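Fold and geometry: a report
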Amino acid sequence: MDSSTKLTLLHRGAEADLFTLVLARWKAVLKRRIRKTYRTAELDVKIRRERTTREALAMHAAKRLGVRAPTLLEVNPEDCSIKMNFIDGVLARNVIDPTSSSDSITIFENFGRQVGILHNGGIVHGDLTTSNVIIAPGFRTFMLDFGMSSHSDEIEDIGVDLHLFERSLATTHTRDTRAFMRAFSKGYRETVGSAQSQKSLKKAAVIARRGRYLALR
Ligand SMILES: Nc1ncnc2c1ncn2[C@@H]1O[C@H](COP(=O)(O)OP(=O)(O)OP(=O)(O)O)[C@@H](O)[C@H]1O
Ligand SMILES: [Mg+2]
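Calculation rules
Per-chain numbering applies: the sequence of each chain, read as written, is numbered from 1 onward. Lettering for chains starts from A, numbering for ligands starts from 1, and both go in the order in which the items are written. With pLDDT at 70 or above as the cut-off, local features in this predicted model cover only qualifying residues; side-chain atom pairs require 80 or more to be listed or tallied, and sums for whole chains, interfaces and linings still use all residues. Hydrogen atoms and water are omitted, and side-chain values are computed over all heavy atoms in the structure. Centres within 6.5 Å make a pair out of two Phe, Tyr or Trp rings, where for Trp the six-membered ring is used; the pair is then stacked when the planes are under 30 degrees apart, edge-to-face when over 60, and tilted otherwise. A run of DSSP states H or I qualifies as a helix once it reaches four residues; a run of E qualifies as a strand once it reaches two. Both are numbered from the N-terminal end. Partly exposed residues are those whose accessible area sits between 20% and 50% of the maximum for their type, while under 20% is buried and over 50% is exposed, using a 1.4 Å probe and protein chains only. Polar contact is defined as a pair of N or O atoms within 3.5 Å, subject to the rule that within protein one atom must be able to donate a hydrogen and the other to accept it, and that residues adjacent in sequence are counted only when both atoms are side-chain atoms. Whether two residues are in contact is decided by their heavy atoms, any of which lying within 4.5 Å being enough. An automatic or database domain assignment is the source of the domain bounds shown. We define buried area as the total accessible area lost by two parts upon association, computed with a 1.4 Å probe and summed across both. What counts as a salt bridge is simple: a side-chain nitrogen of Lys or Arg found within 4 Å of a carboxyl oxygen of Asp or Glu. Charged residues are taken to be Asp, Glu, Lys and Arg, nonpolar residues to be Ala, Val, Leu, Ile, Met, Phe, Trp, Tyr, Cys and Pro, and polar residues to be all remaining types, Gly included. Here a cavity means grid points, on a 1 Å grid over the protein atoms only, where a 1.4 Å probe fits yet cannot get out; a pocket means an open set of points with protein on both sides within 12 Å along at least five of seven lines; lining residues are those with an atom within 4 Å of a point. Grid points are joined across faces, edges and corners, and a volume is the space filled by probe spheres set on the points.

So, about the packing of aromatic side chains. What the rule picks out here adds up to six aromatic pairs. Judged by centre distance (6.3 Å) and plane angle (45°), the rings of Phe108 and Phe165 are tilted. Of the two residues, Phe108 sits in helix α3 (residues 101-120) while Phe165 sits in helix α4 (residues 155-172), which places them 57 residues apart along the sequence. By relative accessible area, which is 2% here, Phe108 ends up buried.

The structure is reproduced here in structure tokens:
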């Protein structure tokens, strides 16, 4: 990277520092996974490199399927960083509660369709939350943060993906998230078909019950 490139801090995450920068006049994001001192240095660098590569490959694969996600511009496994284009919009987490119900329904239907495209293509995201979704004008939803993604069309993995999303909605938002989940499921059904959608959502419900049962023990 040109040493004169100006980095502006965008976000300090649990795993990475993110900066905005300008590349040939385009606004971009640099995501650099940071060292975790509670891991040994050797294991730490192995995990960060693995997640960096995983994120880059999955983001690119998702885009090829037609999922809205940032465009990957550069991968640097040496310093555990990627560059991608900046998505101009608002973070779903910050706008869901104040947004009108009908707009929220549109957002969740759109996002359900996007997750459906991802699952149809044999990829599970691994960290579906409203902190990993940007809403761009026209309620177009962009998926971020593919560091935990994997290739799978196993019903168990798909069920976990959907269950984690539902659980994150319930723990993050104050409104009735069941209505959001219904809208999400409608969009999801449109892209995966009713039989597959029923099977996957049923699996998510079984996983949720299993989780509650284990928590009670
Ligand atoms: N391409 C992008 N365009 C615009 N904003 C982005 C982009 N990528 C990430 N962000 C912003 O940075 C935040 C953190 O990104 P990301 O989720 O990839 O990192 P993280 O380390 O997992 O962070 P956290 O631990 O908070 O989840 C996002 O919630 C979003 O606000
Ligand atoms: Mg994130």
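Here the focus is the side chain of Ser149. One can find Ser149 in the loop between β9 (140-143) and β10 (150-151). Within the structure, the side chain of Ser149 is placed 3.0 Å from the backbone oxygen of His125, a separation counted as a polar contact. Residues contacting Ser149, with those up to four places away along its chain left out, are Arg54, Ala58, Ile123, Val124 and His125.

Right, let's talk about the domain arrangement of the protein chain for a bit. Under the domain assignment used here, the protein chain contains domain 1 (8-85) and domain 2 (90-216). A straight line from the C-alpha centre of domain 1 to that of domain 2 covers 22 Å. Across the boundary between the two partners, domain 1 contributes 15 residues, which contact 16 residues of domain 2. With both chains or domains summed, domain 1 and domain 2 bury close to 1300 Å², and 65% of this area falls on carbon and sulfur atoms. At the boundary of domain 1 and domain 2, one finds one salt bridge. A salt bridge links Lys31 to Asp145, with the shortest nitrogen-to-oxygen separation between them at 2.9 Å. Where domain 1 touches domain 2, the interface holds five residue pairs in polar contact (both at pLDDT 80 or more). Residue assignment for the side of domain 1 that touches domain 2 shows that the elements contributing at least two residues are β3 (26-33) and α1 (41-65). Of the residues forming the side of domain 1 that touches domain 2, the biggest block, eight residues, is contributed by α1. Among the residues forming the side of domain 1 that touches domain 2, the class breakdown is eight nonpolar, one polar and six charged.

Evaluation of the coordinates by the stated rule reveals one cavity of 30 Å³ or more. Within this model, the largest cavity holds a volume of roughly 40 Å³. In terms of residue count, α3 provides more of the lining of the largest cavity than any other element does, three residues in total. Taken together, the residues of the lining of the largest cavity sort by class into seven nonpolar, one polar and no charged.

Our next topic: the layout of surface pockets. The computed volume of the largest pocket comes to approximately 720 Å³. Lining the largest pocket are 29 residues, with His11, Leu18, Ser131, Asn132 and Leu144 positioned closest to its centre. Of all the secondary-structure elements, those providing two or more residues to the lining of the largest pocket are β1 (8-12), β2 (16-23), β3, α1, β5 (81-85) and β6 (90-91). Top element by residues in the lining of the largest pocket is β3. It accounts for three residues. For the lining of the largest pocket, a count of residues per class yields 14 nonpolar, eight polar and seven charged. For the lining of the largest pocket, the domains that each give at least three residues are domain 1 (8-85) and domain 2 (90-216).

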